[in-house]
Amino acid sequence: MSTATVDTSGLAQRRLALLGNPNCGKTALFNRLTGSQQKVANYAGVTVELKRGLMKTAAGRSVTVIDLPGTYSLNPSSQDETVACAMVLGQSLREKAPDLTAVVIDATRLRRGLRLVAALKRVGVPMVVLVNMMDRVRAQGRELDVARLQSALGVPVLEATGISAQGTEALRQLLDQADVWNQPRPDITAVRQDADSARTDDTQAQAWLQAAGMDQPMAAHAWSRTLDAWLLQPVTGVLVLLVLLFLIFQAVFAWAEWPMGLIESATGWVGEGVDGLLPAGLLKSLLIDGVIAGLGGVVIFLPQILILFFFILVMEESGYLPRAALLLDRLMGSLGLSGRAFIPLLSSFACAIPGIMAARTISDRRTKWVTVFIAPLMTCSARLPVYTLLIGAFIPAKTVYGMSLPGLVLFGLYVMGIVSAIAVAWVLKLWRGAGEPVQLMMELPDYHLPRVKDLAIGLWQRASIFLRNVGGIILSLTVILWFLSTFPQAPAGFSGSPIEYSFAGRIGLALAGLFAPIGFNWQIVVALIPGLAAREVMVAALGTVYALSQTGDEVGAALGPLIAQDWTLATGLSLLIWFVFAPQCLATLAVVRKEMGGWAMPVGMAVFLFGLAYAASWVTYRLALNLGGSF
Ligand SMILES: Nc1nc2c(ncn2[C@@H]2O[C@H](COP(=O)(O)OP(=O)(O)OP(=O)(O)O)[C@@H](O)[C@H]2O)c(=O)[nH]1
Ligand SMILES: [Mg+2]
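How each quantity is defined
Residues numbered from 1 in each chain as written. Chains lettered and ligands numbered in written order. Predicted model: local features only at pLDDT ≥ 70, side-chain atom pairs only at ≥ 80, totals over all residues. Heavy atoms only, no water. Donors = N, O, S within 2.8 Å, 3.2 Å for Na, K, Ca; no water. Helix = DSSP H or I, 4+ residues; strand = E, 2+ residues; numbered from the N terminus. Buried < 20%, exposed > 50% of the residue type's maximum accessible area, 1.4 Å probe, protein only. Near = heavy atom within 4 Å. Polar contact = N/O pair within 3.5 Å; in protein donor to acceptor, adjacent residues only side chain to side chain. Areas by Shrake-Rupley, 256 points an atom, 1.4 Å probe, with all protein chains shown as cover. UniProt positions renumbered as here; feature names shortened; annotations may be inferred. Domains from an automatic or database assignment. Buried area = accessible area lost by both parts, 1.4 Å probe. Salt bridge = Lys/Arg side-chain N within 4 Å of Asp/Glu carboxyl O. Core = buried A, V, L, I, M, F, W, Y, C linked by side-chain atoms within 4.5 Å. Contact = heavy atoms within 4.5 Å. Patch = residues over 30% accessible without salt bridge, like charges linked within 9 Å, V, L, I, M, F, W, Y side chains within 5 Å. pLDDT = per-residue confidence, 0-100. Axes fitted to C-alpha atoms, helices over the stretch in contact; angles between N-to-C directions. Parallel < 35°, antiparallel > 145°, perpendicular 65-115°, else oblique. Nonpolar A, V, L, I, M, F, W, Y, C, P; charged D, E, K, R; others polar. 1 Å grid on protein atoms, 1.4 Å probe; cavity = no way out; pocket = protein on both sides within 12 Å on 5 of 7 lines; lining within 4 Å. Points joined across faces, edges and corners; volume = space filled by probe spheres on them.

- As annotated in an unreviewed UniProt entry, the chain carries the name Ferrous iron transport protein B and comes from Hydrogenophaga crassostreae.

Next up, the structure:
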């Protein structure tokens with residue numbers, strides 16, 4: 001038997017927490033240490049909950065690493081900061097205090113980071129200090145003497161670079177030394193954070209910087225300043241923001257055409273292959289009408305979703321996002337919100353779930369409530385398949401004034417979501433009054449060019465979430481729907497399409513009366529039900545329902561032309577508008593329950609949003625019918 005050279009007994013329980021100011025690179029370091037792929041972005045407030053991972057020290061010992069939300073002080077003002085402080089101070093009911101805290105400080109903003117170190121030292125938290133972003137310091141041709149800082153602070157101080165593979169080596173080696181783990185426990189009774197202690201901490205931070213010869217502030221980032229002169233100016237800034245958003249929607253259509261064509265042909269080939277291979281029967285129907293028609297209908301939208309995410313990632317990584325928040329702060333203020341609500345709302349364009357979770361960074365309870373309430377009105381990426389399917393079927397692919405008409409309509413739908421969110425926030429303000437007026441304290445990080453690798457990882461993560469959904473929930477629901485739409489089988493001589501005899505057909509027909517006033521036929525009603533699991537499921541479900549509604553030769557035709565033939569324009573528009581408002585996503589409602597505590601809010605939200613969707617679809621349907629006859 002070989003003897004282990006490294007004693008790992010009992011060490012896996014050792015826990016290291018990463019604490020620091022927002023946006024100082026904690027999660028980048030966490031990902032480096034543990035090989036995780038948690039979200040990293042260039043604005044404050046990215047991480048809002050505690051994340052765990054396992055790392056190996058240089059000698060191969062295992063250590064649990066905990067990534068925390070950022071905090072400026074030990075006096076938390078929002079829910080995410082509270083999580084971080086309570087954990088490190090051992091005040092959390094759920095989490096034991098860590099054995100060691102690595103306080104991450106941004107080398108370009110040392111004083112602010114050292115204030116937090118001072119507060120932690122006052123309490124006696126066992127710690128090491130990681131001076132991160134050393135590459136930026138070196139890029140300015142400067143060096144920091146961390147050995148001097150270490151002797152001033154009296155705790156181990158190491159250099160780190162969250163964006164380089166070697167950037168965490170020093171920490172891995174340090175964690176093998178037994179004495180760093182054997183520092184005395186904190187005395188949490190000493191946690192007093194008032195104006196006086198904040199001043200003392202700042203004086204202390206300055207004293208340390210002087211002692212280490214680092215009291216020269218870093219030179220301002222030259223092109224961040226130049227860009228800000230334009231991008232933060234109210235008129236040019238808003239103009240740039242609008243043009244940027246507009247270009248994104250044009251690109252979503254223009255760039256995606258080619259890969260979408262490829263996916264469509266590939267789905268067609270697979271369908272034909274299966275068609276040729278299998279004899280007619282239930283298995284063939286399951287594969288062609290259920291799986292291929294359903295999943296092919298959704299997968300085709302992957303390119304558009306990735307293009308949208310590419311732009312979101314570039315905005316997040318470049319540092320533009322908090323600028324946009326600042327620009328819109330005044331507008332948000334007049335709605336009883338604050339610029340703080342901007343990032344949660346913007347995240348909701350990807351998906352309302354992380355958006356609603358990001359509302360944890362909002363300290364004022366009422367502002368948070370309104371933000372969560374209107375977040376589902378922001379157009380999430382799951383609506384993109386529904387929108388583009390319907391736009392493709394009903395809006396001609398014309399160019400008006402050099403812009404693509406489908407792109408314009410899509411932009412219009414996004415604007416409609418935003419405008420209705422503004423309207424709801426405004427009505428809520430009139431009804432319930434405004435939240436506490438808080439001045440937006442949002443840090444503006446330096447701009448930097450996004451790294452291609454980070455963008456690629458971000459896009460890859462998105463693609464795999466989407467494909468996992470397709471292979472998981474969408475596939476299962478499609479198979480269930482195929483089953484419900486196939487059985488019981490119609491007896492010989494049944495006059496309608498066989499699906500009308502099935503369970504799904506009967507449910508659809510029974511509910512059709514409820515939706516007839518807004519122009520939905522029974523096939524749409526059948527697809528709306530599994531579409532409650534997630535919006536894109538609706539597209540897969542329509543694919544299956546229509547494939548099964550067809551007979552003989554028509555099987556295999558793409559869904560777009562089928563619905564264009566079957567529905568009036570009024571029905572198409574009414575369904576588009578339904579999707580602007582309807583909370584067709586149970587997962588969002590579940591997150592609202594978790595974040596806000598209790599069912600009252602999600603139930604109220606669902607009733608309100610379904611009501612709004614019904615009313616808006618009704619108006620659209622009636623207008624379209626009256627304006628254009630029966631189309
Ligand atoms: N140049 C440089 N950039 C870094 C380094 N570490 C992190 N970054 C960048 O800094 C930004 C913030 O990184 P995050 O890891 O998200 O910061 P965080 O401290 O986890 O932020 P919150 O979760 O919001 O508190 C991102 O754009 C990173 O790519 C580094 O060592 N050098
Ligand atoms: Mg983070």
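**Quick word on the coordination of the magnesium ion (ligand 2)**
No. 1: Here the magnesium ion (ligand 2) is held by Thr27 (OG1) and Thr47 (OG1), and the distances to it run 1.9 to 2.0 Å. Residue Thr27 is found in helix α1 (residues 26-34), and its partner Thr47 is found in the loop between α1 and β2 (51-56); the two are separated by 20 residues along the sequence. No difference in accessibility class separates Thr27 from Thr47, as the two residues are buried.

**Points about the site of ligand 1**
No. 1: The local shell around ligand 1 holds 26 residues, among which Lys26, Thr27, Ala28, Thr47 and Gly162 are the closest.
No. 2: Asn23 places a main-chain nitrogen or oxygen 3.0 Å from an oxygen atom of ligand 1.
No. 3: Contacts to ligand 1 include Gly70, whose backbone N or O atom sits 3.4 Å from an oxygen atom.
No. 4: Contact with the protein chains covers 98% of the free accessible surface of ligand 1, which is 650 Å².

**Describing the UniProt feature "domain: FeoB-type G" (unreviewed entry) in the chain**
No. 1: Within this structure's numbering, the places UniProt gives as "domain: FeoB-type G" (unreviewed entry) are residues 13-181.
No. 2: Helix makes up 34% of residues 13-181 and strand 20%, with an end-to-end C-alpha separation of 12 Å.

**Quick word on the domain arrangement of the chain**
No. 1: Taken as a whole, the chain is organised into domain 1 (15-218), domain 2 (228-465) and domain 3 (472-627).
No. 2: Computed over C-alpha atoms, the centres of domain 2 and domain 3 are 22 Å apart.
No. 3: For domain 2, the biggest contributors to the area lost against domain 3 are Phe373, Leu389 and Phe394; these three give 15% of the whole.
No. 4: If you look at where domain 2 meets domain 3, you find one salt bridge.
No. 5: A salt bridge links Glu595 to Arg360; the nearest nitrogen and oxygen atoms lie 2.7 Å apart.
No. 6: Our count for the contact surface shared by domain 2 and domain 3 stands at six residue pairs in polar contact (both at pLDDT 80 or more).
No. 7: Secondary-structure elements contributing two or more residues to the side of domain 2 that touches domain 3 are α12 (282-299), α17 (352-358), α18 (365-374), α19 (383-394) and α20 (405-432).

**Comments concerning unusual backbone geometry**
No. 1: Pro488 follows Phe487 through a cis peptide bond whose omega is -10°.
No. 2: Mapped onto the elements, Pro488 comes out in the loop between α21 (452-486) and α22 (503-515).
No. 3: Of note, the phi angle at Met133 is positive, near 65°, even though the residue is not glycine.
No. 4: Of note, Met133 is situated in the loop between β5 (127-132) and α4 (134-139).

**Concerning the pattern of salt bridges**
No. 1: All chains considered together, the criterion is met by 16 salt bridges.
No. 2: Among the salt bridges present, the one from Glu95 reaches Arg52, with a minimum N-O distance of 2.1 Å. On the criterion of sequence distance, the pair formed by Glu95 in the loop between α2 (79-89) and β4 (100-106) and Arg52 in strand β2 is long-range, its members being 43 residues apart.
No. 3: For Glu95, a relative accessible area of 16% puts it in the buried group.
No. 4: In this structure Arg52 comes out as partly exposed when scored by relative accessible area, which is 46%.
No. 5: Ionic contacts of the salt-bridge type, sharing partners, join the residues Glu49, Lys51, Arg360 and Glu595 into one network.

**Points about the nonpolar core**
Within soluble globular proteins, side chains that are nonpolar generally end up buried alongside one another.
No. 1: In terms of nonpolar packing, the biggest core is built from 124 residues, with Phe342, Leu410, Phe520, Ile563, Trp567, Leu575 and Trp578 touching the most fellow members.
No. 2: Examining the composition of this core, we find that nine residues originate from one element, helix α24 (residues 535-549), more than from any other.
No. 3: In this structure Trp567 touches Leu390, Phe394, Asn521, Ile524, Leu542, Tyr546, Gly572 and Leu575, once residues within four positions along its chain are discounted.
No. 4: Membership of the second largest hydrophobic core comes to 39 residues, among which are Ile66, Val103, Val146 and Ala205.

**Some details on a nonpolar patch on the surface**
No. 1: A surface patch of nonpolar side chains, amounting to about 330 Å² of accessible area, comprises Ile507, Leu511, Leu514 and Ile529.
No. 2: Among the secondary structure elements, Ile529 is positioned in the loop between α23 (522-528) and α24.

**Some thoughts on the confidence of the model for the chain**
No. 1: Residues with a pLDDT of 70 or more make up 94% of the chain, whose mean pLDDT is 87.
No. 2: In this model, residues 1-12 is a region of pLDDT below 50 whose contacts with residues beyond four sequence positions or in other chains number nine contacts.
No. 3: For this predicted complex, the interface confidence score (ipTM) comes to 0.99, while the overall pTM stands at 0.84.

**Description of the environment of Leu573**
No. 1: Here Leu573 shows up in helix α26 (residues 569-581).
No. 2: Sequence-wise, Leu573 and Ser485 are 88 residues apart; in three dimensions their C-alpha atoms are separated by 26 Å.
No. 3: If sequence neighbours within four positions are ignored, Leu573 has contacts with Thr620 and Ala624.

**Some words on the packing of α19 against α24**
No. 1: The geometry of α19 relative to α24 is characterised by a closest axis approach of 6 Å and an angle of 45° between their N-to-C directions. Taken together, the axis directions place α19 and α24 in an arrangement best described as oblique. Residue-level contacts link Arg383, Pro385, Val386 and Leu389 of α19 to Arg535, Glu536, Val539 and Leu542 of α24.
No. 2: Split by residue class, the contact of α19 with α24 holds five nonpolar, no polar and three charged.

**Points about empty space enclosed by the protein**
To locate leftover empty space, one rolls a probe as large as a water molecule over the atoms.
No. 1: Across all of its chains, the model carries three cavities of 30 Å³ or more by this definition.
No. 2: Of the volumes computed, that of the largest cavity is approximately 80 Å³.
No. 3: In this structure, the largest cavity is lined by 13 residues; those nearest its centre are Asn23, Asp106, Arg109, Arg136 and Pro445.
No. 4: Two domains each put at least three residues into the lining of the largest cavity: domain 1 (15-218) and domain 2 (228-465).
No. 5: Considering only enclosed or pocket space, the second largest cavity measures out at about 60 Å³ in volume.

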